[in-house]
Amino acid sequence: MWRFLLALWVTAVPAAAQPAGLPAPKADGAVRFATFNAALTDDEPGGLVARLEAGDGQARLVAEVVQRVRPDVLLLQELDRDAGERSLALFRALLEVGEGGAEPIRYPYAVFPPSNTGVPSGVDLDGDGRAGGPNDALGFGHHPGQYAFALLSVHPVGEVRTFARLLWRDVPESLIPADYYSAAAMAVQPLSSKTHLAAPIAVGGATITVLAAHPTPPVFDDARDWNGRRNADEIRLLAAILDGADWAVDDAGVAGPAGGTVDVGAGGGHAVVMGDLNADPRRGDSRPGAMSPLLRHPRLKDVVPRGSEGDRTADFGGGMRVDYVLPTRSLEVTGAGVFWPRPHDPLARLNAASDHRLVWVDVRLP
């Protein structure tokens, strides 16, 4: 009898000691892609850098989340870029020190593109009679680079394309509200509230292109719905880049898939679309069908990762699905999840890292 009881105890200990919120190990040959809105932002210029230099507690929680899930390619959103790339350097250093018993992780490759957020437009965008302040920036922000995003990778990253300068008015069938923006405003207003990024990742002799963005929230406006309209068109731009549309002109003036460095046009190519897209297909204030260009795209898989709160990826608005990792059908999906430990889980303390949760999808080349 004692051997039977001992056997039960031995098998029970690993199950009890293993936090239920952790993802299962990756399948052989799989690459883990993840997006995480870390909410590492400060309204004061240089505020985040000062916090990171002082050993910010929230940043340490964010780092531990990343160390626990261990993505190979990570889109880290809402990381202020207001002192060059110092904030990213400090955070990468933090990742290389184990937090809370987690193993350190190192990302030798990183991209930290400039963001439209907080960049003065020089124009009265919001029509309040004066030019200046966060509402008159090219993307809402209290200082240049607030709410920016970075891409971190264990695999080499090739030459990237950004789409920050494309004017909203120049988008075919644009939803830009002429009853809100003046002609002067429309002449400077970009579509992307931060930037849109296309980054080729070299994996096993092949290339998987990350298409990333962080569209503006579809709220904080009025019945004219200028933020909801911009959010929907920003999502549509991701689909246009994937399709190689001739109107998707990058910041180097290159349209469609031309240029040879990032070719994810209609002819093929592996890609993963990801980011905090600020749109739930069934709940919230985004425009009806805002996510359809991606969730119904013939080349993309609508992978619906599950966590302890179902398909929800953020804890505001009663729980919303706003964070996405969507691979092309050319890639085999071997796992997916939302890192959202249950209240009794030993890692539940990490839920305080952000009002969003890290979303991950494992894919494998055919």
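Residues numbered from 1 in each chain as written. Predicted model: local features only at pLDDT ≥ 70, side-chain atom pairs only at ≥ 80, totals over all residues. Heavy atoms only, no water.

Novice: Break down unusual backbone geometry for me, citing the residues and quoting the values.
Specialist: A positive phi is found at Glu78, a non-glycine position, where the angle reads about 60 degrees. On the secondary structure map, Glu78 appears in strand E2 (residues 73-79). Backbone geometry at Tyr147 places phi at a positive 65 degrees, although glycine is not the residue there. In this fold, Tyr147 is placed in the loop between strand E3 (109-111) and strand E4 (149-153). Judged by relative accessible area, Tyr147 falls into the buried class, the value being 17%. (Helix = DSSP H or I, 4+ residues; strand = E, 2+ residues; numbered from the N terminus. Buried < 20%, exposed > 50% of the residue type's maximum accessible area, 1.4 Å probe, protein only.)

Novice: Any details on the environment of Leu125? Residues and values, ideally.
Specialist: As for its position among the elements, Leu125 is in the loop between E3 and E4. Residue Leu125 is classed as buried on the basis of its relative accessible area, which comes to 3%. With 60 residues separating them in the primary sequence, Leu125 and Ala185 have C-alpha atoms 5.3 Å apart. Contacts of Leu125, omitting those with residues within four sequence positions, involve Asn135, Asp136, Ala137, Tyr180, Tyr181, Ala185, Val188 and Gln189. (Contact = heavy atoms within 4.5 Å.)

Novice: Provide a residue-level description of empty space enclosed by the protein, including the pertinent values.
Specialist: A complete count under the given rule lists one cavity of 30 Å³ or more for this structure. The computed volume of the largest cavity comes to approximately 50 Å³. In terms of lining residues, the largest cavity is bounded by Phe36, Val65, Phe339, Leu350, Asn351, Ala353, Ser354, His356, Arg357 and Leu358. Class assignment for the residues of the lining of the largest cavity results in six nonpolar, three polar and one charged. (1 Å grid on protein atoms, 1.4 Å probe; cavity = no way out; pocket = protein on both sides within 12 Å on 5 of 7 lines; lining within 4 Å. Points joined across faces, edges and corners; volume = space filled by probe spheres on them. Nonpolar A, V, L, I, M, F, W, Y, C, P; charged D, E, K, R; others polar.)

Novice: Can you explain helix H4 (residues 86-95)? Please cite residues and give values.
Specialist: When H4 is considered as a whole, its buried residues turn out to be Ser87, Leu88, Leu90, Phe91, Leu94 and Leu95. Seen along its axis, H4 keeps its buried residues to an arc of 160 degrees; they face one direction. Tucked into the core, H4 has its buried residues touching strand E1 (31-40), helix H2 (47-53), helix H3 (57-69), E2, E3 and E4. (Arc of directions from axis to C-beta.)

Novice: Please give an account of the packing of H3 against H4 that cites residues and values.
Specialist: Their axes nearest at 9 Å, the elements H3 and H4 cross at an angle of 55 degrees. Put simply, H3 runs oblique to H4. When you trace H3 past H4, the crossing you get is right-handed. Facing H3, whose interface residues are Ala59, Arg60, Val62, Ala63, Val66 and Gln67, H4 presents Phe91, Leu94 and Leu95. Looking at the contact of H3 with H4 residue by residue, the classes come out as seven nonpolar, one polar and one charged. (Axes fitted to C-alpha atoms, helices over the stretch in contact; angles between N-to-C directions. Parallel < 35°, antiparallel > 145°, perpendicular 65-115°, else oblique. Left-handed = near helix turned anticlockwise from the far one by under 90°.)

Novice: Provide a residue-level description of the environment of Pro327, including the pertinent values.
Specialist: The residue Pro327 is located in strand E9 (residues 323-327) in this model. Using a relative accessible area of 0% as the deciding quantity, one classes Pro327 as buried. Separated by 189 residues in sequence, Pro327 and Leu138 have C-alpha atoms that sit 30 Å apart. Not counting chain neighbours up to four residues away, the residues in contact with Pro327 comprise Ala271, Val272, Arg299, Leu300, Lys301, Val303, Val333, Val361 and Val363.

Novice: Let's hear about the side chain of Gln77: which residues, and what values?
Specialist: Along the chain, Gln77 turns up in strand E2. In this structure the side chain of Gln77 is engaged in a polar contact, spanning 2.4 Å, whose partner is the backbone nitrogen of Asp276. Here Gln77 is in contact with Thr35, Phe36, Asn37, Ala38, Ala39, Ala148, Phe149, Ala213, His214, Gly275 and Asp276, once residues within four sequence places are set aside. (Polar contact = N/O pair within 3.5 Å; in protein donor to acceptor, adjacent residues only side chain to side chain.)

Novice: Give a description of the confidence of the model for the chain that names residues and reports values.
Specialist: Overall, the predicted model of the chain reaches an average pLDDT of 91, with 91% of residues at or above 70. This stretch, residues 1-18, has a pLDDT under 50; its non-local contacts, to residues over four places away or in other chains, come to zero contacts. Contacts of residues 258-262 to residues separated by more than four positions or lying in other chains number 11 contacts, the stretch itself having pLDDT below 50. (pLDDT = per-residue confidence, 0-100.)

Novice: Describe the sheet that holds strand E7 (residues 206-212), and please don't skip the residues or the numbers.
Specialist: In space, the five strands of this open sheet follow the order E5-E6-E7-E8-E9, with mixed pairing throughout. A strand with exactly one partner marks an edge of an open sheet, and here the two such strands are strand E5 (161-162) and E9. Pairing analysis gives seven bridges linking strand E6 (residues 197-203) to E7, with the strands arranged antiparallel. Within the sheet, the bridge partner assigned to Ala202 lies in E7 and is Thr207. Contacting E7 and strand E8 (270-276), helix H6 (residues 226-243) crosses the sheet at an angle of about 155 degrees to E7. (Pairing = 2+ DSSP bridges.)

Novice: An account of H3 is needed here, citing residue identities and associated values.
Specialist: Over its 13 residues, H3 extends 19 Å from the first C-alpha to the last, a length consistent with the 18 Å expected when each residue adds 1.5 Å. Those residues of H3 that fall on the buried side of the exposure criterion are Ala59, Val62, Ala63, Glu64, Val65, Val66, Gln67 and Val69. Along its buried surface, H3 packs onto E1, H2, E2, H4 and strand E11 (359-364). Trailing H3 by a residue or two, Arg70 shows a phi angle of about 60 degrees, which is positive. (Expected span 1.5 Å × (residues − 1).)

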